[in-house]
Amino acid sequence: LPNEPLLLSSGIRSNSLVTTIFDSPDHSGRTLRSRVGHSSPPSVARYLHPGSVGGGILANASDGTDASSCQILSAGGPADRTLRVFSTARSVLDKEYSQGRGLAKRARELGLEGGKTELLLPDITAFAICEARSRDWGDLVTIHRDHAMAYVWVTRRGAQSGPVLRQNSWNVSAMKIQPPVSCHATAVCLSSCGNFALVGTKGGTIYRYNVQSGMARGSYPRDATNSGSDGKGTGSGVVGSLERTMRMLEKKMRVDGISSLGDDDDADADMDEAKLARAKLDERRQAHLLLARHDDASVTGLAVDAVNRTLISVGSDSKLILWSFKTQAAHRKSPIYLPSPATMLRHVRDSDLAAIVLEDYSVLIFDCDLQNIVRRLGIQSLPSGPRHSAPITDVAFSPS
């Protein structure tokens, strides 16, 4: 700039505009101001504070809305791998979320051609936000491409400073054996209370984690992990687990029946009938459990209702499964077979409705309260009416 110790430079590859000032005694320069965007097309964009209806808020001085309500989270593509926040009201609030200190300096020391990008996490494929406990711990959870673990971010600090969500048997170090491909994360959602994160995988298993501690808290279905029903133990012998309680109750009932009936033949016949009836009930229950799960199919969408009662999951196997959030068991209505494999799911908690996008370019509206499909939009079999002729890449509910 004329008559000023300032150099204004623009980077095509880095998509940046930097003002450098030369005011030090050795005439070296330092960055005074900069504007940086994504260096590759972003993959996911959402409002940072979406509210209960999932839509953004326009800044309006008359209703007291501040600029923090107008921030957009954006995840970069494979060549970028950054998570940025952009303000629609004040550009000075734009920033990149930190993934660790001194990454740029470390990249220079290692001589990496790609710079600090090579030290960042893989590119983000989806994330979930919940403001319920944002003052206490992390309120943003991200999943990454071809990666099993999920990461907790704190939006107040603008950094990935929360725990890493993983199973106890998974190695964090990339130098050790990594989790199998079937454990790679494909979908994520947060409970309405902000305490739990649900992560769906390519193999069809849904893992539940505590957001504050990062510890595993079971899975859907329950037998997918070695932990008990509460996710805290290592088997059915742990005190407080449902399996151990049922086993002790059955043992007590059997002992009481033998002691009160003695060696009577009628009593033995009744016990045999009871065992046979229990075996048939267990067989039907096991057959239902085998159907109510995503076997060898990716979980493409997850949602939790407004009262943390039901978890809804859809997958590439054309199944919609309802799970009890507390007991981690499949609902009696599960599975609900869809006309085509599902590609994504969007849920709005105000009306408890979920939009399910299918591979046949149609959209189903599922009522989580009534637990049935209430609308079918863009069905290909209909002779007329509006419908898509190409894959649907995103869907959202209006604020109303």
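Relevant structure appears above.
As the structure is a computational prediction, the values presented were derived from the model and not from experiment.

**Some words on the packing of aromatic side chains**
Scanning the model with the defined rule gives five aromatic pairs in all. Taking the centre distance of 5.5 Å and the plane angle of 90° together, the rings of W170 and Y207 count as edge-to-face. With W170 in the loop between strand 11 (164-165) and strand 12 (185-190) and Y207 in strand 14 (residues 206-210), this residue pair connects regions lying 37 residues apart in the sequence. Under the relative-accessibility criterion, W170 is labelled buried at 8%.

**A word on the pattern of salt bridges**
In a structure, side chains of opposite charge can pair up when their charged atoms sit close to one another. The full count for this structure, using the stated rule, is 10 salt bridges. The shortest N-O distance in the salt bridge between D394 and R46 comes to 3.2 Å. Within this pair, whereas D394 is found in the segment after strand 23 (372-377), its partner R46 is found in strand 4 (residues 44-47), the two being separated by 348 residues in sequence. Across the pair D369 and R309 runs a salt bridge, and its minimum N-O distance is 3.9 Å. Linking D369 in the loop between strand 22 (363-367) and strand 23 with R309 in the loop between strand 16 (299-304) and strand 17 (310-315), this pair joins segments that are 60 residues apart in sequence. For R309, a relative accessible area of 45% corresponds to the partly exposed category. Among the charged side chains, a network of salt bridges with common partners joins R46, R346 and D394.

**Regarding a positive patch on the surface**
A cluster of basic residues, R101, R135, R156 and R157, forms a positive patch on the protein surface. Topologically, R101 is positioned in the loop between strand 7 (95-96) and helix 1 (103-110).

**Things to note about the sheet that holds strand 10 (residues 150-153)**
Strand order in the open sheet formed by four strands is 8-9-10-11, with antiparallel pairing between adjacent strands. The strands lining the two open edges of the sheet, one partner per strand, are strand 8 (124-129) and strand 11. As defined by bridge partners, strand 9 (residues 140-144) adjoins strand 10 across three bridges and the pair is classed as antiparallel. Within the sheet, the bridge partner assigned to T142 lies in strand 10 and is Y151.

**Description of the environment of A292**
Topologically, A292 is positioned in the loop between helix 3 (265-291) and strand 16. Along the sequence, A292 and A329 sit 37 residues apart, while their C-alpha atoms lie 9.2 Å from each other. If near-sequence neighbours (up to four positions away) are discounted, A292 is found in contact with I321, W323, A330, S334 and P335.

The rules behind these values
- Residues numbered from 1 in each chain as written.
- Predicted model: local features only at pLDDT ≥ 70, side-chain atom pairs only at ≥ 80, totals over all residues.
- Heavy atoms only, no water.
- Phe/Tyr/Trp six-rings, centres within 6.5 Å; stacked < 30°, edge-to-face > 60°.
- Helix = DSSP H or I, 4+ residues; strand = E, 2+ residues; numbered from the N terminus.
- Buried < 20%, exposed > 50% of the residue type's maximum accessible area, 1.4 Å probe, protein only.
- Salt bridge = Lys/Arg side-chain N within 4 Å of Asp/Glu carboxyl O.
- Patch = residues over 30% accessible without salt bridge, like charges linked within 9 Å, V, L, I, M, F, W, Y side chains within 5 Å.
- Areas by Shrake-Rupley, 256 points an atom, 1.4 Å probe, with all protein chains shown as cover.
- Lys, Arg positive; Asp, Glu negative; His and termini not counted.
- Charge placed at Lys NZ, Arg CZ, Asp CG, Glu CD.
- Pairing = 2+ DSSP bridges.
- Contact = heavy atoms within 4.5 Å.

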